[in-house]
Amino acid sequence: MDYSYIKNNVTAVRATVDLAAKRAHRNAQEIRVVAVTKSVSEDVLPALLAEDVVDVAENRWQVARDKLSHPLADQFHWHFIGSLQLNKVKYIVPRFEWIHAVDREELYQALSSEATRLERTLQVLLQVNVAEEPQKHGFRLDDVTAAAKRLQGLPGISLRGLMTMAPMLGPESNVDVARDVFRTLCRLQGELRHTLSLETFDQLSMGMSDDYPIAIEEGATLVRVGRNLVGKQTTPEGDGL
Ligand SMILES: *Cc1c(COP(=O)(O)O)cnc(C)c1O
């Protein structure tokens with residue numbers, strides 16, 4: 001498999017990030033591009049590293065496992081972005097630094113126990129189902145503050161912020177829906193940072209291939225980009241937004 005296309009994709013995505021940051025009068029340095037590698041094999045890792053892409057994300061343990069045994073795996077920061085079953089916590093905690101999609105208190109507590117046992121500190125984000133879509137995971141908007149107050153301070157975890165997924169953008173659909181979701185999450189993160197008096201509650205994981213420029217305009221600090229980075233069809237000009 002030839003991964004030379006990765007270089008072009010990374011260049012295109014970084015240019016898009018820079019433009020979106022500029023439009024929002026933000027510093028592009030505070031935005032981290034996380035490459036979602038779930039749909040490609042571990043052979044992609046050297047090509048990503050060659051372009052200084054050091055943040056990679058997986059959404060299932062079974063798929064992540066092979067990548068984590070790659071000789072270069074330790075060069076990366078690993079992000080777990082999928083929904084997580086309690087019986088997988090013991091596999092995830094030793095290998096992943098960031099957990100983006102914590103959607104219930106029981107999971108947070110299990111992560112805390114396991115991280116404490118291993119003397120690790122996980123960087124954790126609470127997933128919020130902003131649009132209240134029945135098929136999506138995440139805390140309800142109304143429940144996040146109370147949950148964060150209860151969970152803040154548990155050992156083994158640095159509570160870093162919030163994560164969401166916007167409703168799918170169809171070709172004809174209005175980007176305003178995604179923008180509203182991102183803006184709502186950003187406002188909540190700012191309020192919660194204040195309420196919790198937690199300076200390090202400064203991360204917003206939002207935006208995927210179809211909507212990351214909008215997410216950046218609305219405050220994203222972690223964008224999770226799969227297809228546009230590791231999908232072969234992307235060209236530098238083809239990045240769309
Ligand atoms: C797959 C996935 C992504 C990346 O999606 P693309 O559309 O390929 O960029 C981002 N976040 C989550 C939670 C995912 O499962």
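Everything numeric in this text was worked out from a predicted model, so none of it was measured.

J.: So what exactly am I meant to see when it comes to the overall build of the protein chain here?
T.: For the protein chain, the count of helices and strands is 9 helices and 8 strands. Here the C-alpha atoms of the protein chain give a radius of gyration of 17 Å, agreeing with the 18 Å that 2.2 N^0.38 yields for 241 residues. Overall, the C-alpha framework of the protein chain stretches about 45 × 40 × 35 Å when taken along its three principal axes. Taking all 241 residues of the protein chain together, 51% fall into the buried category. If you take every contact in the protein chain between residues at least 6 apart in sequence, the share linking residues at least 24 apart comes to 60%. For the protein chain, the separation between the mean place of its 28 positive charges and that of its 33 negative charges on side chains is 3 Å.

J.: Could you clarify how one ought to interpret the site of the ligand in this entry?
T.: Around the ligand lies a shell formed by Val-36, Lys-38, Asn-59, Ile-81, Met-165, Met-208, Ser-209, Arg-224, Val-225, Gly-226 and Arg-227. In this structure, an oxygen atom belonging to the ligand sits 2.7 Å away from a side-chain N or O atom of Lys-38. Contacts to the ligand include Gly-226, whose backbone N or O atom sits 2.8 Å from an oxygen atom. In the complex, 90% of the free accessible area of the ligand, which totals 390 Å², lies under the protein chains. Mapping the ligand onto the cavity grids shows that it belongs to the largest pocket.

J.: What exactly am I supposed to notice about the packing of aromatic side chains here?
T.: Any two aromatic rings considered together are summarised by their centre-to-centre distance and by the angle between their planes. Overall, the coordinates contain 5 aromatic pairs when judged by the stated rule. Here the aromatic rings of Tyr-3 and Tyr-5 are separated by 6.1 Å at their centres, their planes lie at 35°, and the arrangement is tilted. Across the pair, exposure class does not vary: Tyr-3 and Tyr-5 are buried alike. Between Phe-80 and Phe-96 the ring centres are 5.3 Å apart and the planes differ by 90°, which places this aromatic pair in the edge-to-face class. Of the two residues, Phe-80 is situated in strand β3 (residues 77–80) and Phe-96 in the loop between α4 (89–95) and β4 (98–102); the sequence distance between them amounts to 16 residues. For Phe-96, a relative accessible area of 0% translates into the label buried. In this structure an aromatic cluster arises from ring pairing among Phe-76, Trp-78, Phe-80 and Phe-96.

J.: How should I be thinking about the pairing of strand β1 (residues 32–36) in this particular structure?
T.: On a regular strand, one side chain projects to one face of the sheet and the next to the other, so that they alternate. Bridge count between β1 and strand β8 (residues 222–225): 4 bridges; the pairing is parallel. What sits directly across from Val-34, in β8, is Arg-224. Where β1 lies against strand β2 (residues 55–58), 2 bridges are found, and the strand directions are parallel. Bridging across to β2, Val-36 finds its partner in Ala-57. A crossover links β1 with its parallel partner β2, the connecting element being helix α2 (residues 45–50), and its sense is right-handed.

J.: How should I be thinking about the packing of helix α6 (residues 141–151) against helix α7 (residues 175–195) in this particular structure?
T.: If you want to describe how two helices pack, look at the angle between their axes and the distance between the axes. Between α6 and α7, whose axes approach to 11 Å, the crossing angle comes to 25°. Viewed along their axes, α6 and α7 adopt a mutual orientation that is roughly parallel. In the packing of α6 onto α7, the handedness of the crossing is right-handed. Contact residues: α6 offers Leu-141, Val-144, Thr-145, Ala-148 and Lys-149, while α7 offers Thr-184, Leu-188, Leu-192 and Thr-195. Classifying every residue of the contact of α6 with α7 by side-chain character gives 5 nonpolar, 3 polar and 1 charged.

J.: Looking at this structure, I do not really get the nonpolar core. What am I missing?
T.: Core analysis: the largest hydrophobic core is formed by 69 residues, its most contacted members being Ile-6, Phe-96, Ile-99, Leu-111, Leu-126 and Leu-162. For this core, the element with the most residues is helix α1 (residues 5–23), which contributes 7 residues. Residues contacting Ile-6, with those up to four places away along its chain left out, are Val-44, Ala-47, Leu-48, Glu-51, Leu-229 and Val-230.

J.: It is not clear to me how α7 should be interpreted in this structure. Could you clarify?
T.: For an α-helix the count is 3.6 residues per turn, leaving residues at separations of three or four pointing the same way. For α7, spanning 21 residues, the distance from its first C-alpha to its last is 30 Å, which sits close to the expected 30 Å at 1.5 Å a residue. Once α7 ends, the next one or two residues include Ser-197, with phi positive near 50°.

What counts and what doesn't
- Residues numbered from 1 in each chain as written.
- Predicted model: local features only at pLDDT ≥ 70, side-chain atom pairs only at ≥ 80, totals over all residues.
- Heavy atoms only, no water.
- Helix = DSSP H or I, 4+ residues; strand = E, 2+ residues; numbered from the N terminus.
- Rg over C-alpha atoms; globule rule 2.2 N^0.38 Å.
- Buried < 20%, exposed > 50% of the residue type's maximum accessible area, 1.4 Å probe, protein only.
- Contact = heavy atoms within 4.5 Å.
- Lys, Arg positive; Asp, Glu negative; His and termini not counted.
- Charge placed at Lys NZ, Arg CZ, Asp CG, Glu CD.
- Near = heavy atom within 4 Å.
- Polar contact = N/O pair within 3.5 Å; in protein donor to acceptor, adjacent residues only side chain to side chain.
- Areas by Shrake-Rupley, 256 points an atom, 1.4 Å probe, with all protein chains shown as cover.
- 1 Å grid on protein atoms, 1.4 Å probe; cavity = no way out; pocket = protein on both sides within 12 Å on 5 of 7 lines; lining within 4 Å.
- Sits in = over half its atoms within 2 Å of the grid points.
- Phe/Tyr/Trp six-rings, centres within 6.5 Å; stacked < 30°, edge-to-face > 60°.
- Pairing = 2+ DSSP bridges.
- Right-handed = clockwise from strand over helix to strand, strands pointing away.
- Axes fitted to C-alpha atoms, helices over the stretch in contact; angles between N-to-C directions.
- Parallel < 35°, antiparallel > 145°, perpendicular 65-115°, else oblique.
- Left-handed = near helix turned anticlockwise from the far one by under 90°.
- Nonpolar A, V, L, I, M, F, W, Y, C, P; charged D, E, K, R; others polar.
- Core = buried A, V, L, I, M, F, W, Y, C linked by side-chain atoms within 4.5 Å.
- Expected span 1.5 Å × (residues − 1).

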